[in-house]
Amino acid sequence: MALAPQPIASSLEPLPITSQKHDPAWKHCQMFKNGDRVQLKCLYCGKVFKGGGIHRIKEHLAGQKGNASTCLRVSPDVRLLMQQSLDGVVVKKKKKQKIAEEITSISPLPTSEMDTFGNQCDVNSGLQLLAVPETLEPDSSLLVAREEGKTNRGTDRRKRGRVKRADKSAIPDAVAINSIALDSKRGNNQVHMTIARFLYDAGVPLEAVNSVYFQQMIDAIASGGPVVAAPSYQDLRGWILKNSVEEVKNDIDQYTGTWARTGCSVLVDQWNTHNGRILINILAHCPEGIMFLRSVDVSDIMNSADALYELLKEVVEEVGVRNVLQVITNGEEQYLVAGKRLSDTFPTLYWAPCASRCLDLMLEDFGKLEWINATLEQAKSIARFVYNHNVVLNMMRRYTFGNDIVAPGMTRFATNFTTLKRMVDLKQNLQDMITSQEWMDCPCSKKPGGLEMLDLISNHSFWSSCILIVHLTDPLLRVFRIVGSEKRPAMGYVYAGIYRAKETIKKELVKKEDYIVYWNIIDNRWEQQWHVPLHAAGFYLNPKFFYSIEGDIHNEIVSGMLDCIERLVPDTKIQDKIMKELNTYKNSIGDFGRKMAIRARDTLLPAEWWSTYGGSCPNLARLAIRVLSQPCSSIVNKRNQIPFEQMHDSRNCLEHQRLIDLVFVQYNLRLMQMVQMNREHDPRDPISFDSSNVVDDWVSGKEACLQDYGTSDWMALDPPSGNTMLLGPSNDEAEDLGAGFDDYEIFNRVKDVEEDNIEDNVVSQ
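Predicted model only: the values in this text are computed from it and were never measured.

A few points about the nonpolar core
Core analysis: the biggest nonpolar cluster contains 130 residues, and Ile 405, Met 453 and Trp 610 have the highest contact counts within it. Ranked by residue count, the leading element in this core is helix H20 (residues 460-484), at eleven residues. Ignoring sequence-local partners within four residues, the contact set of Ile 405 consists of Ile 382, Ala 383, Val 386, Tyr 387, Met 396, Thr 419, Arg 422, Met 423, Leu 426 and Leu 430.

Digging into the environment of Met 715
The topology assignment puts Met 715 in the loop between helix H33 (692-699) and helix H34 (744-764). Judged by relative accessible area, which is 64%, Met 715 ranks as exposed. As for Met 715 and Asn 390, which are separated by 325 residues in sequence, their C-alpha atoms are 9.0 Å apart.

Description of helix H11 (residues 305-319)
Its 15 residues give H11 an end-to-end C-alpha distance of 21 Å, which sits within 8% of 21 Å, the value for a rise of 1.5 Å per residue. Ala 305, Leu 308, Tyr 309, Leu 311, Leu 312, Val 315, Val 316 and Val 319 are the residues of H11 that are buried. Buried residues in H11, looked at end-on, bunch into an arc of 165°, giving them a common side. Downstream of H11 by one or two residues, Gly 320 has phi in the positive range, about 115°.

Quick notes on the packing of helix H13 (residues 355-368) against helix H16 (residues 412-425)
At their nearest, the axes of H13 and H16 sit 8 Å apart, and the two run at 60° to each other. Relative to H16, the element H13 is oriented oblique. Between H13 and H16 lies a crossing of left-handed hand. Here H13 contributes Asp 360, Leu 363, Glu 364, Phe 366 and Gly 367 to the contact with H16, which in turn contributes Phe 413, Ala 414 and Phe 417. Of the residues assigned to the contact of H13 with H16, the class counts are five nonpolar, one polar and two charged.

Some thoughts on the sheet that holds strand S1 (residues 13-15)
An order of S1-S2-S3-S4 is seen for the four strands of this open sheet, with the pairing classed as antiparallel. Bordering the open sheet on either side are S1 and strand S4 (48-49), each of which pairs with just one other strand. Note: strand S3 (residues 37-42) against S4, two bridges, orientation antiparallel. Bridge pairing links Leu 40 to Phe 49 in S4. Set on the sheet, helix H1 (residues 53-62) makes contact with strand S2 (29-34), S3 and S4; between it and S3 the angle comes to about 15°.

A few points about the pairing of strand S5 (residues 264-272)
Regular strands have side chains that alternate between both faces of the sheet. Most of S5 sits inside the fold, with eight of its nine residues counted as buried. Note that S5 and strand S6 (residues 278-286) share eight bridges and pair antiparallel. Bridge pairing in S6 places Val 268 opposite Ile 282. If you look at the hairpin formed by S5 and S6, you'll find five residues sitting between the two strands, and Gly 276 has a positive phi there, around 90°.

A closer look at the packing of aromatic side chains
Per the counting criterion, the structure on display carries 26 aromatic pairs. Here the aromatic rings of Phe 545 and Phe 741 are separated by 5.4 Å at their centres, their planes lie at 80°, and the arrangement is edge-to-face. Taken together, the residues span a long stretch of sequence, with Phe 545 in helix H25 (residues 543-546) and Phe 741 in the loop between H33 and H34 at a distance of 196 residues. On the basis of relative accessibility, which here comes to 2%, the residue Phe 741 falls in the buried class. Three or more aromatic residues joined by ring pairs form one cluster here, namely Tyr 540, Phe 546, Tyr 547, Tyr 585, Phe 592, Trp 609, Trp 610 and Tyr 613. Of note, Arg 567 hangs over the ring of Tyr 350, and the distance from its end group to the ring centre comes to 5.2 Å.

Some thoughts on the sheet that holds S5
An order of S7-S6-S5-S8-S9 is seen for the five strands of this open sheet, with the pairing classed as mixed. Each edge of the sheet is formed by a strand with only one pairing partner; in this case those strands are strand S7 (289-297) and strand S9 (350-353). In this sheet, neighbouring strand axes are inclined to one another by 20° on average, regardless of whether the strands run parallel or antiparallel. Sheet strands in contact with helix H12 (residues 333-345) are S5, S6, strand S8 (324-329) and S9, and its direction is about 160° off that of S9.

What about the environment of Leu 283?
For Leu 283, the location among the structural elements is in strand S6. C-alpha of Leu 283 to C-alpha of Val 266: the two residues are 17 residues apart in sequence and 5.8 Å apart in space. Ignoring sequence-local partners within four residues, the contact set of Leu 283 consists of Ser 265, Val 266, Leu 267, Asp 269, Ile 290, Met 291, Phe 292, Leu 293, Val 636, Tyr 667 and Leu 671.

Here we look at the packing of helix H24 (residues 533-541) against helix H26 (residues 555-568)
Look at H24 against H26: their axes get within 7 Å of each other, and the N-to-C directions meet at 105°. Between H24 and H26, the angle is such that the two are roughly perpendicular. Facing H24, whose interface residues are Pro 533, Leu 534, Ala 536, Ala 537, Phe 539, Tyr 540 and Leu 541, H26 presents Glu 556, Ile 557, Val 558, Gly 560, Met 561, Asp 563, Cys 564 and Leu 568. In terms of residue class, the contact of H24 with H26 is made up of twelve nonpolar, one polar and two charged.

Things to note about the side chain of Asp 269
Within the element layout of this structure, Asp 269 appears in strand S5. At 3.3 Å, the side chain of Asp 269 forms a polar contact with the side chain of Arg 357. Apart from the residues within four sequence positions on either side, Asp 269 is in contact with Leu 279, Ile 280, Asn 281, Leu 283, Arg 357, Ser 634, Ile 635, Val 636, Arg 639 and Tyr 667.

Topic: helix H7 (residues 212-223)
An α-helix turns once every 3.6 residues. As a result, residues three or four positions apart point the same way. The terminal C-alpha atoms of H7 lie 18 Å apart, and with twelve residues this matches the ideal 16 Å at 1.5 Å per residue to within 8%. At the exit of H7 stands Gly 225, carrying a positive phi of roughly 95°.

About the thresholds
- Residues numbered from 1 in each chain as written.
- Predicted model: local features only at pLDDT ≥ 70, side-chain atom pairs only at ≥ 80, totals over all residues.
- Heavy atoms only, no water.
- Core = buried A, V, L, I, M, F, W, Y, C linked by side-chain atoms within 4.5 Å.
- Buried < 20%, exposed > 50% of the residue type's maximum accessible area, 1.4 Å probe, protein only.
- Helix = DSSP H or I, 4+ residues; strand = E, 2+ residues; numbered from the N terminus.
- Contact = heavy atoms within 4.5 Å.
- Expected span 1.5 Å × (residues − 1).
- Arc of directions from axis to C-beta.
- Axes fitted to C-alpha atoms, helices over the stretch in contact; angles between N-to-C directions.
- Parallel < 35°, antiparallel > 145°, perpendicular 65-115°, else oblique.
- Left-handed = near helix turned anticlockwise from the far one by under 90°.
- Nonpolar A, V, L, I, M, F, W, Y, C, P; charged D, E, K, R; others polar.
- Pairing = 2+ DSSP bridges.
- Phe/Tyr/Trp six-rings, centres within 6.5 Å; stacked < 30°, edge-to-face > 60°.
- Lys NZ or Arg CZ within 6 Å of the ring centre and 35° of its normal.
- Polar contact = N/O pair within 3.5 Å; in protein donor to acceptor, adjacent residues only side chain to side chain.

Below is the structure:
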């Protein structure tokens, strides 16, 4: 039976959950102030805890019997996380116990010294022990360990945090405990300040602390003993760089070792520098990860399809023709011509335009529609006012429990719609804020921007437009996230993602004259992608989608699959074997029909499914694994602060090669993090300079910031907490694509439908 959420009294004041609260349970509750007391509320069942702190919430979510009832609505993965966290607390307590035992083994001071020390304590303070410092918990095992065997009277007093007239033999141990705790806290602060001074002085971006190598560096320094010699400038550009090059090469050799099985894609990532240069970074992508190969300045050859063809041909030969399934570039005309020549030269690979860029252009075109653009401008006015007044920003974060209303996306156009969705998700919280007494008493609410914000957040028509825009664009954002994710190769999902986006728009608007406007945008921008057989083959070979189709599979999908067989498998004998094995796959014969295989269609990655259950069809399985292991996007970020321009500017041959090696190490280490990094970082602050390239339209004030320093004092800001549980669970994007692909109007596309209508009209005449 579902539990009814307990109502929170309207008099309770919401409190932000700051980034200083590191316990994972803080992300699954809300905090309120009731008079002098703090209460916590479970985000899942709504139960309110008036005591017990975050540990009680954690027990509640973990389902641990004892002090708290079990939450019946929490998801299994969160319950497991809380159970693991509680187990970690037990381990920490055991470590504290071990420290206590080590402390008790310390030899006592000579009696004369102890008497002198005790008398001094009596004279100076009248107490023999100081209060337990804040860094020690009241129930710390360190205190418990020293209290064993003492008198009941002494025990009662120590439970209150201090002891009067205790045994003098306890003094050295207690002082040692206090000293360890205080020194640890003081030392940690000093370490943090020292690290900060280095980062500030060297101009290192503060996001560098999110590197997986940052904590490794600190651990290595700590393990080096009391004196660690720092590397010199010449060391870093000399033997250390040399060793790093070899280390990175050894790491990426593990990637290249898998290419024979999975194949790889060559990615051509084009970007413009601040000085107007046009650079392309050439990378190789496989399921194991992405490796950076080289950077090329194409400023002088950008408009020459022949020069681009020669460059791409050289790269394919370097990687190995037998390993490459596709080369992904921009969709501009010169790349299209070069790509066609490339696929003619190497008949076993495809050229494909970048899917991420096509999706970004779709979102840009959606934003140009008059009614959508007007709604976005209204939403931006709210965000600009909030993020340029510290009092309003703090208030907003309190009412949204630390969440921001600006949600940075992969690009500026994606940010427009991710932010609009975030504002819709937090609509009720924003309305609660502007109807509160706190808002009415706030001087900012009387400003023109505050009055405009009040009108918009109270306006039903504004929210109706926002909700409709979210319904129309969220499916495209989902595809955007799929093709840009390193969680799984996108090839098996992108075709289904576009289908589902068009289907959602059709269901939302119903009438053809209404939804055809948005379908036209999608089809026009996706036109080049429709002609990439790999996308259709990825759909066909993904068992989750293939077996969900009732009736015949659309001819376009079958044709794409057959094209891939002919191009990717040049041996005609193996082609014939694959065609026979396709019948086994279509009819779920043998291992494909096992109950385990049927269940695994929805749980295993498609390539893993084929590896597990495709043994009876070895030739088809090999082709399926290679197709389903490919990406659909050539956009790879992580290139900031890497000296690409300095490398291309260098005119000294020796230094030029050194910079090539430095860029090779830096970029590949960044790319490895995309696979290795699984820890959670502090939430991304929309007003930070690191986010400015994608959120500038939403947070930049139109007037000079210095005119009103009182509202722009950053030191008065509460940091974002990243408590995203209020926004609902983050679902697996690919899992949301669902099953069922039976709308032929979507497959036929707009131009085909129009041609059919013309033919019908001709016949009727």
